[in-house]
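One-letter residues, chain by chain:
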Amino acid sequence: MKLTFAHLGDYHIAVKALFETLGVDVVLPPPPTKRTMSLGSLNSPEFACLPLKIGIGNYLEALEMGADTIVMVGGIGPCRLGLYCEVQRQILEGLGCDFKMIVLEPPQGRPDRLLRQVRDIIGAQRISRLFDALRLTWSKLTAIDRLNKITLCLRPFEKRKGDITRVYEASLRRIDEAASPKEVQAAAGNARDAMKSVCKTEGRIGKAEDPLAPRIGIVGEVFMVLEPFANCEIEKRLGEMGVIVDRSIYLSDWAVEHVIKDAFRIFRKSKLLNEMAKPYLCHFVGGHGVETIGSTVAYANEGLDGVIQVAPFTCMPEIIAQDILAKISRDLGIPAMTLVLDEHSSDTGVLTRLEAFVDMIAMSKCRRR
Amino acid sequence: MAGSGYLGVDVGSVSTNLVLIDDKGVLQEKIYLRTQGDPIGAVKEGMKRLRATSGNIEILGVGTSGSGRRLAGVILGADCIKNEITAHAVAANYWMPGVRTVIEIGGQDSKIIILRQGTVIDFAMNTVCAAGTGSFLEQQAARLGIPIDRFGELALMAQNPVRIAGRCAVFAESDMIHKQQMGHKIEDIISGLCEALVRNYLNNVAKGKPIEPPVVFQGGVAANAGMKTAFEKELDTQIIVPEHYDVMGALGAALLACEAKERRNGQSSFRGFDALDRHYATRTLECTGCPNHCEIVNISMDDKTIARWGARCTRWDNTGDERNCLS
C-alpha cells in the first residue's frame, strides 16, 4: 500500500510521521503549485470551494507518483467538506484512476470506531506501534505549531526580509527528519534560537516588542487559514509589512478539540468560543462559522488592532460569518476585512487590500498615541 | 516654473496621472494620460511633458500609486510606493478635511473609503466586477456613438430614466439594447444606466457601510455629471466632486512622498529626469525551479536588472540594486 493525503500547510510532516512510524509507505504529493491548482480546477465542479479543488490536484499528483490509497477526513456537515471525500472519490474514479479511499470520520463519542479505521489502514499486527507513532506525531505537530507562533511574532522584527522564513523552512526540514520526540525537541529548540538571532530585538518571544506594531488576527475557514498556497501567504506578507499576526486555528489545538475530546465527550474549549459568539450567532452553521465569530469577539476583547477573515469562494458558513462580522466590527470597534479567495493568477488585488488594511490600522494607532 | 516640489504618479489601468505639488501641498501641475497598456511608456511620456512645462524643477520626493505602482516606483526611484486606497484617502482628506465618505470609481475598479477624524476606519474595493466602472461606461458610450465627455450632460437631460439591471455589465448591456430597441430615448437610457450603476455600487461595493456626509466623489467617473446626480438622488445627500477629481490618487502619492521626507532625512531616491532617456524593458521568464512555474518579471534599465518580482520564493530576490528593496 502506498498511502497519500492532501496538503494542509506544514502539517504533512506530522501526518507523514504518523503513517511511516506505523510502517506504511507514504507518497507525499508535491507542495501545491500552479499545476496542482490547474489540475484541481479542471476536474472539479466550478462552484466547489478551493479546498476540494486543491485536494483533487494533490491526489492526482500523488497518484502519478505511484500512490494507491488516499486518506481523507469525513465530516457531518453542513459544511460541504464532509461530502468531499465522496465527491473526490467519484471525480477520481471518473478520470479512470485506480485507488482506494479511506475516510476518517469524526469519532462522535465512539473512539473505538476511529481506532478500527486506523487498524484497517495499518493492519492489526502493527497496532502495537500506535502509541509510539502517536507520540512522535504529536511532538512534531506541537513543535510545528509552536514554531509557527514564534515566526508570526518575530517576522516583523527580522533584520533582513525573508530571514525568519528561511530559518522556519530549514527548521521544518529538521523536524521532518527527526526520528524521535527528543530529536524533534532539539530541532525546535535550535530553531527558536536561530530565529531570535536573525531579529533586531532579543526580547521575550510572544510579547509585542514594538507597541506600535499592529496586531492582526486571522480567522476563517480552516483550510484557507492554514494553507499558505491558498491564502496568498497572508501570514508572511503581513509579517513583512510589520504586522504581528495571530492565527486563530492551530491543528494541535484542533486535534485536542475535535479528535480527543470529541472521542471521549470532554468539555471543549470551542464551547468558550461558542459562548463568545452567542450574542451574534447561536446556531451551528457548519465549518468554522461560529469559531470565526467567536474568535473575532475574543480578539476584540484581547485588544488586537484588526481581524482578517479568509474564506474560500462559495463557502456558506463563512458567508454567514462575513455579514455578522460587520456588526461585531461596529459594536466592538475592531476593524475587520474579508478576503474571499479562489483560483488566482495574480495576487495584486489581495496585496492592495492587505496594504490598505495595514495602513489604516497603523494610522489610527499612530493617532491614538 | 523653477523651484522644487514633490511628484505623485498614479499608474492605473486606464489612465496614468502625474501631479506636482509644492512643499505646502498646493498643486502646481497635473498631467492626465492614457495608460493604453503601456505603463512604462505612459510614465516616460508624462515625465517628458512635466520637464517641458516645469523646466528644471528640483524633485524633492516621488510617490507612486495605482495598480502599476511598483513598476513606476522602480523606474522613477520612488520614495514611497502606496496602494491606491491609502493614496485616495489622503488626497480626499487633504482637499476636504473632515471628509467622512470617499466614493472612488476608476477605470477598472471602484472603492468606498470611510474616514473619521482624518483616519480611514473602513474600506471596500471591487475589482472582480466591471459593472459600474469607467471602462464599462466608456464601452457603452462608444457603442451608442456618444463621446464619453457628453455622457453626463445627456444623462441630465433625461425626463423618464428607464430601469436597467445594473448587477452585471453583461446583463446591463443586453437590458440597454432591449430598451433602446423598444424605442426609449437615448437620454433616458443613459440616465437609467447611471442609476443602475449607482445601485450596483451601493449593493456590491458599499454593502451597507454608513455613507455619511461630507461625501467626496473622485476618480475618472466623477467627471460624469449623470453619475453624480444619480448618487445624490439615491443617497439624498450632497456629493462633492473635488477640483482635481481625476488625479486624486497621484495627489495622495505626492502628499505621502512629502510626508515620507522626514523618514528619509530629506534624501530622495528619485533617479532624475535624465534617467528617463534610458531604455527600460520588462522581460518575463518562467522559473523552472519547482512545479510552481512562477512568472518572474524582470525590469531592466539599459542592460542592468533593477528589479524583479513574481516569485513565491526568495530565489530571484537578489538583483544587486538596493533601491528596489522598498515595496
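Residues numbered from 1 in each chain as written. Chains lettered and ligands numbered in written order. Predicted model: local features only at pLDDT ≥ 70, side-chain atom pairs only at ≥ 80, totals over all residues. Heavy atoms only, no water.

J.: Looking at this model, I keep getting lost on the pairing of strand β6 (residues 101-105) of chain B. Mind explaining?
T.: Residue and element names in this part refer to chain B. For β6, the buried fraction is high: five of the five residues fall into the buried class. Where burial is concerned, the two faces of β6 agree: the one with T101, I103 and I105 and the one with V102 and E104 are both buried. Bridging between β6 and strand β7 (residues 110-116) involves five bridges; their strand directions are antiparallel. Bridge pairing in β7 links T101 to I114. Adjacent in sequence and paired antiparallel, β6 and β7 are bridged by four residues. Pairing of β6 with strand β9 (residues 215-218), which is carried by four bridges, proceeds in the parallel orientation. Within β9, the position partnered with E104 by the bridge is Q218. (Buried < 20%, exposed > 50% of the residue type's maximum accessible area, 1.4 Å probe, protein only. Helix = DSSP H or I, 4+ residues; strand = E, 2+ residues; numbered from the N terminus. Pairing = 2+ DSSP bridges.)

J.: I keep staring at a nonpolar patch on the surface and nothing clicks. Help me out?
T.: Residue and element names in this part refer to chain A. Together, F47, F313 and V340 make up an exposed nonpolar region whose accessible area comes to about 290 Å². Note that V340 resides in strand β8 (residues 336-341). The class of V340 is partly exposed, set by a relative accessible area of 39%. (Patch = residues over 30% accessible without salt bridge, like charges linked within 9 Å, V, L, I, M, F, W, Y side chains within 5 Å. Areas by Shrake-Rupley, 256 points an atom, 1.4 Å probe, with all protein chains shown as cover. Salt bridge = Lys/Arg side-chain N within 4 Å of Asp/Glu carboxyl O.)

J.: Hey, could you run me through the packing of aromatic side chains in this one?
T.: Two numbers describe a pair of aromatic rings. These are the distance of the centres and the angle of the planes. Applying the stated criterion across every chain, the model contains five aromatic pairs over all chains. Arranged with centres 6.4 Å apart and planes meeting at 35 degrees, the rings of F5 of chain A and F19 of chain A form a pair that is tilted. With F5 of chain A in the loop between β1 (2-4) and α1 (12-21) and F19 of chain A in helix α1, the pair connects residues that are 14 residues apart, well separated along the chain. For the residue pair F5 of chain A and F19 of chain A, the accessibility class agrees, reading buried in each case. Here F270 of chain B and F273 of chain B contribute two aromatic rings whose centre-to-centre distance is 5.8 Å and whose plane-to-plane angle is 85 degrees, an arrangement assigned as edge-to-face. Site record: aromatic cluster; members linked through ring pairs are Y201, F217 and F231 of chain B. Lying across the ring of Y250 of chain A, K149 of chain A places its NZ or CZ 4.6 Å from the centre. (Phe/Tyr/Trp six-rings, centres within 6.5 Å; stacked < 30°, edge-to-face > 60°. Lys NZ or Arg CZ within 6 Å of the ring centre and 35° of its normal.)

J.: For this particular structure, what's the right way to read unusual backbone geometry?
T.: Glycine aside, residues mostly have negative phi, and peptide bonds are mostly found in the trans state. Residues and elements named next belong to chain B. Cis geometry is found at the peptide bond from P213 to P214, where omega equals -5 degrees. Tracing the chain through its elements places P214 in the loop between α7 (186-206) and β9. Residue D236 is not a glycine yet carries a positive backbone phi of 55 degrees. Tracing the sequence through the fold places D236 in the loop between α8 (225-235) and β10 (239-240).

J.: Sorry, what's going on with the confidence of the model for chain B here?
T.: Interpretation of the predicted coordinates at a detailed level should be avoided for regions scoring low in pLDDT. Residue and element names in this part refer to chain B. The predicted model of chain B averages 86 in pLDDT, with 95% of residues at 70 or higher. Within chain B, β9 carries the highest mean pLDDT (96), whereas strand β13 (residues 304-309) carries the lowest (82). Across residues 321-327, confidence stays below pLDDT 50; counting only partners more than four residues off in sequence or on other chains, it has 15 contacts. (pLDDT = per-residue confidence, 0-100. Contact = heavy atoms within 4.5 Å.)

J.: Teacher, can you tell me more about α8 of chain B here?
T.: Because an α-helix completes one turn every 3.6 residues, residues spaced three or four positions apart along the sequence face the same direction. All names here are of chain B. Regarding α8, the residues found buried are G226, M227, A230 and F231. Summarising the axial view, the buried residues of α8 lie within an arc of 135 degrees, below the 170-degree limit, and thus occupy one face. Where α8 is buried, its residues meet β6, α4 (134-144), α5 (151-156), α7, β9 and β10. Between the side-chain oxygen of the N-cap and the backbone nitrogen of G226 there are 2.9 Å, and the N-cap of α8 in question is N224. Phi for D236, located one or two positions after α8, is positive at around 55 degrees. (Arc of directions from axis to C-beta. Polar contact = N/O pair within 3.5 Å; in protein donor to acceptor, adjacent residues only side chain to side chain.)

J.: What is the right way to read the pattern of salt bridges from this model?
T.: Once their charged atoms are close, side chains differing in charge can pair, the charge on each being opposite to the other. Under the criterion given, the structure shown has 35 salt bridges over all chains. With its nearest N and O atoms 3.4 Å apart, the salt bridge here joins E275 of chain A to K278 of chain A. For E45 of chain B, the salt bridge goes to R49 of chain B, with nearest N and O atoms at 3.1 Å. A residue pair is termed a helical-turn pair when its members lie 3 or 4 positions apart in one helix, as E45 of chain B and R49 of chain B do in helix α1 (residues 39-54) at four residues. Assessed through its relative accessible area of 30%, E45 of chain B is described here as partly exposed. Through salt bridges with shared partners, one network takes in R35, E61 and E64 of chain A.

J.: Any chance you could explain the interface of chain B and chain A here in plain terms?
T.: It is common to report an interface's size as the accessible area lost on association of the parts. Contacts between the two partners involve 26 residues from chain B, matched on the other side by 24 residues from chain A. Summing both partners gives a buried area of about 2100 Å² for chain B against chain A, and 48% of it is carried by carbon and sulfur. Area buried by chain B at its contact with chain A is led by T119, F123 and R312 of chain B, which between them contribute 29% of it. Connecting chain B to chain A are three salt bridges. Note that D359 of chain A is salt-bridged to K82 of chain B, the shortest N-O span being 2.8 Å. (Buried area = accessible area lost by both parts, 1.4 Å probe.)

J.: Can you help me understand the domain arrangement of chain B in this one?
T.: Taken as a whole, chain B is organised into domain 1 (4-88 + 249-277), domain 2 (97-241) and domain 3 (280-325). If you average the C-alpha positions of domain 2 of chain B and of domain 3 of chain B, the two centres end up 39 Å apart. (Domains from an automatic or database assignment.)

J.: Would you explain the packing of helix α15 (residues 348-368) of chain A against helix α3 (residues 84-95) of chain B in this entry?
T.: Two numbers describe a pair of packed helices, the interaxial angle and the distance between the axes. Running from N to C, α15 of chain A and α3 of chain B cross one another at 45 degrees; their axes reach a closest spacing of 8 Å. Classed by the angle they form, the pair α15 of chain A and α3 of chain B counts as oblique. On the side of α15 of chain A, the interface is formed by T352, A356, D359 and M363 of chain A, while α3 of chain B contributes E84, I85, T86 and V90 of chain B. Its residues assigned to classes, the contact of α15 of chain A with α3 of chain B comprises four nonpolar, two polar and two charged. (Axes fitted to C-alpha atoms, helices over the stretch in contact; angles between N-to-C directions. Parallel < 35°, antiparallel > 145°, perpendicular 65-115°, else oblique. Nonpolar A, V, L, I, M, F, W, Y, C, P; charged D, E, K, R; others polar.)

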